[in-house]
Amino acid sequence: MLGRLSLLLHIASRHILVRRRQTGVAVGGVAVGVGFFLAVSALMVGSQSDFVKQLIDVAPHIIISDELRSPTPQPALREFAGGAVDIHGYRVRNEVRGLKDWQRILASANAIPGAIGSPSLSGAVTLRLGGRDEPLGIVGVEPGIEAKVSNIADKLRYGSLDNLEKVQGGIIIGEELGQRLGRGMGDIVPATSSNGTTKSLRIVGLVKKGNSQLGSSTGYMLLREAQSLLGRPFIINRIGVKLADPYDAERVAGTLEARYGYKAQSWQERSADFLSLLLTRNVIMYTVVSAILLVASFGIYTAVSNSVADKRRDIAILRSMGFSEGDLQLVFVLEGMALALVGVLVGWMLGWVLMNILGGLEFHIGGDVQHIPLDRSPRQYLIAAGASLASGVFASWLPARKASRVDPVDILRGAV
Amino acid sequence: MSDPALVARHLRRELEGDPPAVLVADADLAVQPGKFTAIVGPSGCGKSSLLYLLGLIDRPTGGQLLFDGRDLAQASGDERARIRLEHFGFVFQFHFLLPEFTAFENVMLPLRRLGRLSLREAEARANQLLGDVGLAEKGWKLPEKLSGGERQRVAIARALANNPRLVLGDEPTGNLDSVNSARVVELFRDLAHQQGRAVVCVTHDMGIADLADIRVSMLDGRVVEVREQAPRT
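Throughout, residues of each chain are indexed from 1 in the direction in which the sequence is written. Chain labels run from A onward and ligand labels from 1 onward, assigned in the order the entries are written. Residues qualify for local features only when their pLDDT is at least 70, as the model is predicted, and side-chain atom pairs are given and counted only at 80 or more; totals for whole chains, interfaces and linings, by contrast, use all residues. Calculated side-chain values reflect all of the structure's heavy atoms, with hydrogen atoms and water omitted.

Caption draft 1: A look at the overall build of chain B. If you tally the helices and strands in chain B, you get seven helices and 10 strands. Our radius of gyration is a C-alpha quantity, and the globule rule it is checked against amounts to 2.2 Å times the number of residues to the power 0.38. On C-alpha atoms alone, chain B measures out to a radius of gyration of 17 Å, which is about the 17 Å that the 2.2 N^0.38 rule sets for 233 residues. The dimensions of chain B, computed from C-alpha atoms along their principal axes, are 50 × 40 × 40 Å. Looking at chain B residue by residue over its 233 residues, the buried ones come to 55%. Note on definitions: a residue-residue contact is assigned when non-hydrogen atoms from the two residues lie within 4.5 Å. Counting only contacts in chain B whose residues sit at least 6 apart along the sequence, the fraction spanning at least 24 positions is 67%. Throughout, the Shrake-Rupley method with a 1.4 Å probe supplies accessible areas, and for residues the shown protein chains are the sole cover considered. Total accessible area on chain B is roughly 10,100 Å²; 47% of this is exposed by carbon and sulfur atoms. Where helices and strands are cited, they refer to DSSP runs of H or I of at least four residues and of E of at least two residues respectively, numbered from the N terminus. When a residue's accessible area, from a 1.4 Å probe over protein chains only, is under 20% of the maximum for its type it is buried; when over 50% it is exposed; and in between it is partly exposed.

Printed below as a string of structure tokens:
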């Protein structure tokens, strides 16, 4: 069996080697297809995972807030469920803001393996400087826990999250806001909350420019101090949860919401519009890429088909010698596979080179040198190889079948 | 006389059409081992058609073809291929060597396909076969570098590779000069007389037909005469 295969492969390889130009074209087609597949998919997958990573990291994977998706049902509706009573136009009672029983919610979030929950209180204050009012959303956090849940620490240009604990009345604001206020590290800004409490805050950290969410209108404070500034002691209105596996967020959010009633928003829900955009992008990419590979398989089809046409005499001779129809079919399928295989190997090299060129490009964005995010995982190489080999087999199958059906009699008798 | 190597009974080959063209009509023939059989007749009489039917290359539309007591007329393609490989050897008018393979590699093809010998044994046998036809020194050459007579001898060596019981020739001397032609005929006679194989040759050369042990005459697709001839030298 192995001897048969090596013999047929031997015959196939001779056929290929004799027809250098055809072989070159077919191999080149596959190689270009594979090379560009690798470069394009590295770009697409790389930028996508970079983008998704940012979507995931920009905020905790799940945010539990003190909102309800819909108001608590009216007692009458609860009592007569199923349509006997319908109520319109009633006024929804204002629930007391803040997560009730938040310690329990936090405990059950922390009970999920690998998950960390960070309680926080957000509210609005006004910074009053020289007759100018700047509204600012403040978030009170526990710095030790928040550092594990969000990537705010990476985004600081100056200072650190720990400074909040060290400095009385410390606040971290965006670099842009600081510039607008004419204040820098260590400077004091007075803040007034909506209930009239005023406090002088000291800037202990500045967030880098270019983070639109944190940049200009959010400040970070110690949870305790935020609670006292906003006049809501012991209250929190948000729990951010970071999970070991971000892709589990949707499920976990569902269970938390079902259990406590508060809105638990996963990052997927938060960025559903982006994710559907990515889906479209993937469909486009794989369509283009399959087209490239399909075109490559045309090259193989032509090469094998010509080889069959050229070798009709040899086919008849081999048949007369006792080679079976299956043998001859296999010879030509092997030719297609060999062309595809060599094409894949050359294409891998081409792809690798293209990726290195792309990866070497440098861009200066926001003062940082950035590289194009590329996905260089072996998975792409395997997909390219698998698709090319499969299309090579498929493309050579039809001519190979034709080869096996050559009638040796006519050729052997009327031979030239 | 020993058992025939191959028996054709009412063997028939028609081409589709209206009315069907008859290439071979109800041929009866027993091919004897140890004998050199020549099939003769005017061109278009169906002698080559009969040879391809006997050689399992073409399929009859009727009749039986008995080999080892089995009817191979309707056997599967794979089975017929297997029997060709193991027991039949062909020599054609044109040398029909694979052009990309050296003489030695051409002889190796059927040996490797059968796979009964180890690679080393197969190589030894291929060298021996080439030596037997006087080409021991030229095995490494591609067919295009060999003369017509040499190519035909390589083809004969290849036909004998798997030690076939039947050797079939379709005008094997048709393209050779008289010297080479005589050499090939001598080889064929040896294959029958010395090695006990059944040798069947289609020829229009009456000089060759005269050297055969059995002369089969055909006309219009029919076997009209089977005549044993006295041994000659």
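Caption draft 2: Representation of the packing of aromatic side chains. Each Phe, Tyr or Trp ring, with Trp reduced to its six-membered ring, pairs with another whose centre is within 6.5 Å; inter-plane angles below 30 degrees give stacked pairs, above 60 give edge-to-face pairs, and intermediate values give tilted ones. Per the counting criterion, the structure on display carries eight aromatic pairs over all chains. Relative to F88 of chain B, the ring of F67 of chain B has its centre 5.5 Å away and its plane inclined at 75 degrees; by these criteria the two rings are edge-to-face. Highlighted residues: F67 of chain B in strand β4 (residues 62-67) and F88 of chain B in strand β6 (residues 88-91), separated in sequence by 21 residues. In this pair, the class of F67 of chain B matches that of F88 of chain B, namely buried. One aromatic cluster in this structure is built from Y52, F90, F92 and F96 of chain B. Any Lys NZ or Arg CZ that is within 6 Å of a ring centre and within 35 degrees of that ring's normal is treated as a charge sitting over the ring. Stacked on the ring of F101 of chain B, the Lys or Arg R14 of chain A has its end atom at 4.9 Å from the ring centre.

Caption draft 3: Local environment of the domain arrangement of chain A. A domain assignment, automatic or from a database, supplies the domain bounds used here. Under the domain assignment used here, chain A contains domain 1 (2-56 + 274-412) and domain 2 (62-80 + 95-242). Centre-to-centre, using C-alpha coordinates, domain 1 of chain A lies 55 Å away from domain 2 of chain A.

Caption draft 4: Here's a closer look at the pattern of salt bridges. Residue and element names in this part refer to chain A. Should a side-chain nitrogen of Lys or Arg be within 4 Å of a carboxyl oxygen of Asp or Glu, the pair is scored as a salt bridge. Inspection of every chain in the model, using the stated rule, returns 21 salt bridges over all chains. The shortest N-O distance in the salt bridge between E134 and R180 comes to 3.3 Å. Here E134 is found in strand β3 (residues 132-141), whereas its partner R180 is found in helix α7 (residues 175-181), with 46 residues between them in sequence. E134 sits in the buried class, given a relative accessible area of 9%. Between E175 and R157 there is a salt bridge, and its shortest N-O distance comes to 3.2 Å. With E175 in helix α7 and R157 in strand β4 (residues 156-159), this pair connects stretches of sequence that are 18 residues apart. Given the relative accessible area of 12%, E175 is considered buried. Judged by its relative accessible area of 37%, R157 falls in the partly exposed class.

Caption draft 5: Structural view of the nonpolar core. Counting residues in hydrophobic clusters, the biggest one holds 88 residues, and the most contacted among them are L50, L54 and F88 of chain B. The element that contributes the greatest number of residues to this core is helix α14 (residues 325-360) of chain A, accounting for 11 residues. The contacts of L54 of chain B, once residues within four sequence positions are left out, are L6, A8, L11, L29, L65, F88 and L168 of chain B. In this description, a nonpolar core means a group of buried Ala, Val, Leu, Ile, Met, Phe, Trp, Tyr and Cys residues linked to one another through side-chain atoms lying within 4.5 Å. Counting residues in hydrophobic clusters, the runner-up holds 43 residues, among them A115, I236, I239 and L256 of chain A.

Caption draft 6: View of the packing of helix α3 (residues 103-114) of chain B against helix α5 (residues 148-159) of chain B. All names here are of chain B. Their axes nearest at 8 Å, the elements α3 and α5 cross at an angle of 25 degrees. Accordingly, the angle class assigned to the pair α3 and α5 is roughly parallel. As α3 runs across α5, the sense of the crossing is right-handed. Here α3 contributes A103, N106, V107 and P110 to the contact with α5, which in turn contributes V154, A157 and R158. Three classes are used: nonpolar for Ala, Val, Leu, Ile, Met, Phe, Trp, Tyr, Cys and Pro, charged for Asp, Glu, Lys and Arg, and polar for all others, with Gly counted as polar. The class makeup of the residues in the contact of α3 with α5 is five nonpolar, one polar and one charged. For helices, the fitted axis covers only the stretch in contact; all axes are lines through C-alpha atoms, and the angles between them, taken along N-to-C directions, range from 0 to 180 degrees. Oblique is the label for any angle not covered by the other classes, which are roughly parallel (under 35 degrees), roughly antiparallel (over 145) and roughly perpendicular (65 to 115). Crossings are classed by handedness, with left-handed meaning an anticlockwise turn of the near helix from the far one by less than a right angle and right-handed meaning a clockwise turn.

Caption draft 7: Region of interest: the sheet that holds strand β9 (residues 214-219) of chain B. Residue and element names in this part refer to chain B. Spatial ordering of the open sheet is given by β6-β7-β8-β3-β9-β10, a layout of six strands whose pairing is mixed. Where the open sheet ends on each side, the last strands, each with one partner, are β6 and β10 (222-228). The sheet shows a mean angle of 15 degrees between the axes of neighbouring strands, direction not considered. Should DSSP find at least two bridges between two strands, the strands are regarded as paired. Bridge analysis of strand β3 (residues 36-40) against β9 gives four bridges, and the strand direction is parallel. Counterpart to I39 in the pairing with β9 is V216. On top of the sheet, helix α2 (residues 77-87) reaches β6 and β7 (166-170); it is set at about 80 degrees to β6, its chief contact.

Caption draft 8: Summary view of empty space enclosed by the protein. Computed over the protein atoms alone on a 1 Å grid, cavities are sets of points where a 1.4 Å probe fits but cannot get out and pockets are open sets with protein on both sides within 12 Å along at least five of seven lines; a residue lines them when it has an atom within 4 Å of a point. Grid points are joined across faces, edges and corners, and a volume is the space filled by probe spheres set on the points. Counting across every chain of the model gives three cavities of 30 Å³ or more. A volume near 110 Å³ is recorded for the largest cavity. If you go around the largest cavity, you meet 15 residues; those closest to its centre are M321 of chain A together with F88, G89, R158 and A159 of chain B. Contributions of two or more residues to the lining of the largest cavity are made by α13 (312-321) of chain A together with α2, β6 and α5 of chain B. Here the residues of the lining of the largest cavity are counted per class, giving 10 nonpolar, three polar and two charged. Around the second largest cavity sit H15, I16, R19, Q22, T23, A303, V304, S307, E335 and L339 of chain A, which together line it. At the level of elements, α1 (2-18), α2 (20-57), α12 (272-310) and α14 of chain A are the ones that each hand at least two residues to the lining of the second largest cavity. With three residues, the single largest contributor to the lining of the second largest cavity is α12 of chain A. When grouped by side-chain class, the residues that make up the lining of the second largest cavity number four nonpolar, four polar and two charged.

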